[in-house]
Amino acid sequence: MRFAPLGLGTVHSPYEPTWELQRSIHAEVAAGERQDTVLLVEHEPVYTAGRRTHRDERPDDGTPVVDVDRGGKVTWHGPGQLVAYPIVRLRAPIDVVAYVRCLEQAVIDVCAELGLETIRVEGRSGVWFAADDARRERKVCAIGVRVAKGVTMHGLALNCNPDLGEFGRIVPCGITDADVTSLSAELGRPVTIQEVRPLLERALADALADVVSDPPTTPALS
């Protein structure tokens, strides 16, 4: 798969303007006016809630939450977390589950390159580390997507070296019997977004090749 990776720089990007940019690019991709695009972002701190979020899963201290039009529940975005928003046209017939599995595979491949073995958990999206004698199952990457007009929005959030305490104000993804972790916590060394970004770009290109449609015949915007 060939796509245009569009990084928003190392400056922490506010969530809502990025969401608006997603919508704008989505409209262009859906109209065949732009090639498939992946936004790569490190957000300013923000909590976002998908359509299935329950009231008791939100922060109980008045912390603002942005309600969004993706699947999934509440999560946190912020410094130290690499967020990827693939805005790509899926091959017909549309299979959203297969698309999510491709996103998971990309992250699984990134973790493997770093020397980490990850798993999928039945009935739960995202990428996980298995429980051991001392720790419960731990999620390192959350996934929440939306597909409209055959084109994807939202995506994945991979914890590189964030402050994991930020997840303590919520019930992350509505899951009470597992924990949240990061690449840094699992490897025992700092793992930066700068280190992970090129790995994720390559892994997404490989993993999404099986589910995206052929590029539009209309020339893509530069």
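Provided above is the structure to which this section pertains.
Thresholds applied
Residues numbered from 1 in each chain as written. Predicted model: local features only at pLDDT ≥ 70, side-chain atom pairs only at ≥ 80, totals over all residues. Heavy atoms only, no water. Core = buried A, V, L, I, M, F, W, Y, C linked by side-chain atoms within 4.5 Å. Buried < 20%, exposed > 50% of the residue type's maximum accessible area, 1.4 Å probe, protein only. Helix = DSSP H or I, 4+ residues; strand = E, 2+ residues; numbered from the N terminus. Pairing = 2+ DSSP bridges. Axes fitted to C-alpha atoms, helices over the stretch in contact; angles between N-to-C directions. Contact = heavy atoms within 4.5 Å. 1 Å grid on protein atoms, 1.4 Å probe; cavity = no way out; pocket = protein on both sides within 12 Å on 5 of 7 lines; lining within 4 Å. Points joined across faces, edges and corners; volume = space filled by probe spheres on them. Nonpolar A, V, L, I, M, F, W, Y, C, P; charged D, E, K, R; others polar.

**Some thoughts on the nonpolar core**
Moving on, step 1. Leu156, Leu158, Leu183, Val196 and Leu204 are the most contacted members of the largest nonpolar core, which totals 38 residues.
Moving on, step 2. For this core, the elements supplying multiple residues, two or more each, are β2 (37–41), β6 (81–87), α2 (96–113), β8 (124–129), β9 (138–148), β10 (151–159) and α4 (193–208).
Moving on, step 3. No other element matches α2, which puts nine residues into this core.
Moving on, step 4. Listed in part, the 15 residues of the second largest apolar core include Tyr15, Val46, Val83 and Tyr85.

**Quick look at the sheet that holds strand β5 (residues 74–77)**
Moving on, step 1. A sheet is described by the order of its strands in space; here three strands give the open sequence β4-β3-β5, paired in mixed fashion. Edge positions in the sheet fall to β4 (65–67) and β5, since each has one partner strand and no second. Neighbour-to-neighbour, the strand axes of the sheet open up by a mean angle of 30°, direction not taken into account.
Moving on, step 2. Relative to β4, strand β3 (residues 46–49) runs parallel, the two being bridged by three bridges. Residue pairing across strands places threonine 48 opposite valine 66, the latter belonging to β4.
Moving on, step 3. With respect to the sheet, helix α1 (residues 15–30) is in contact with β3, β4 and β5, its orientation differing from that of β4 by roughly 15°.

**Digging into the layout of surface pockets**
Moving on, step 1. Approximately 620 Å³ is the volume found for the largest pocket.
Moving on, step 2. Lining the largest pocket are 33 residues, and of these Arg52, Gly71, Gly72, Ser125 and Ile143 lie nearest its centre.
Moving on, step 3. Among the secondary structure elements, those contributing two or more residues to the lining of the largest pocket are β5, β6, α2, β8, β9 and β10.
Moving on, step 4. The element contributing the most residues to the lining of the largest pocket is β9, with six residues.
Moving on, step 5. Here the residues of the lining of the largest pocket sort into 15 nonpolar, 11 polar and seven charged.

**Details of unusual backbone geometry**
Moving on, step 1. Cis geometry is adopted by the peptide bond preceding proline 93, which originates at alanine 92 and carries an omega value of -5°.
Moving on, step 2. Structurally, proline 93 can be placed in the loop between β6 and α2.
Moving on, step 3. A positive phi angle, near 55°, is found at lysine 149, a position not held by glycine.
Moving on, step 4. Residue placement: lysine 149 occurs in the loop between β9 and β10.

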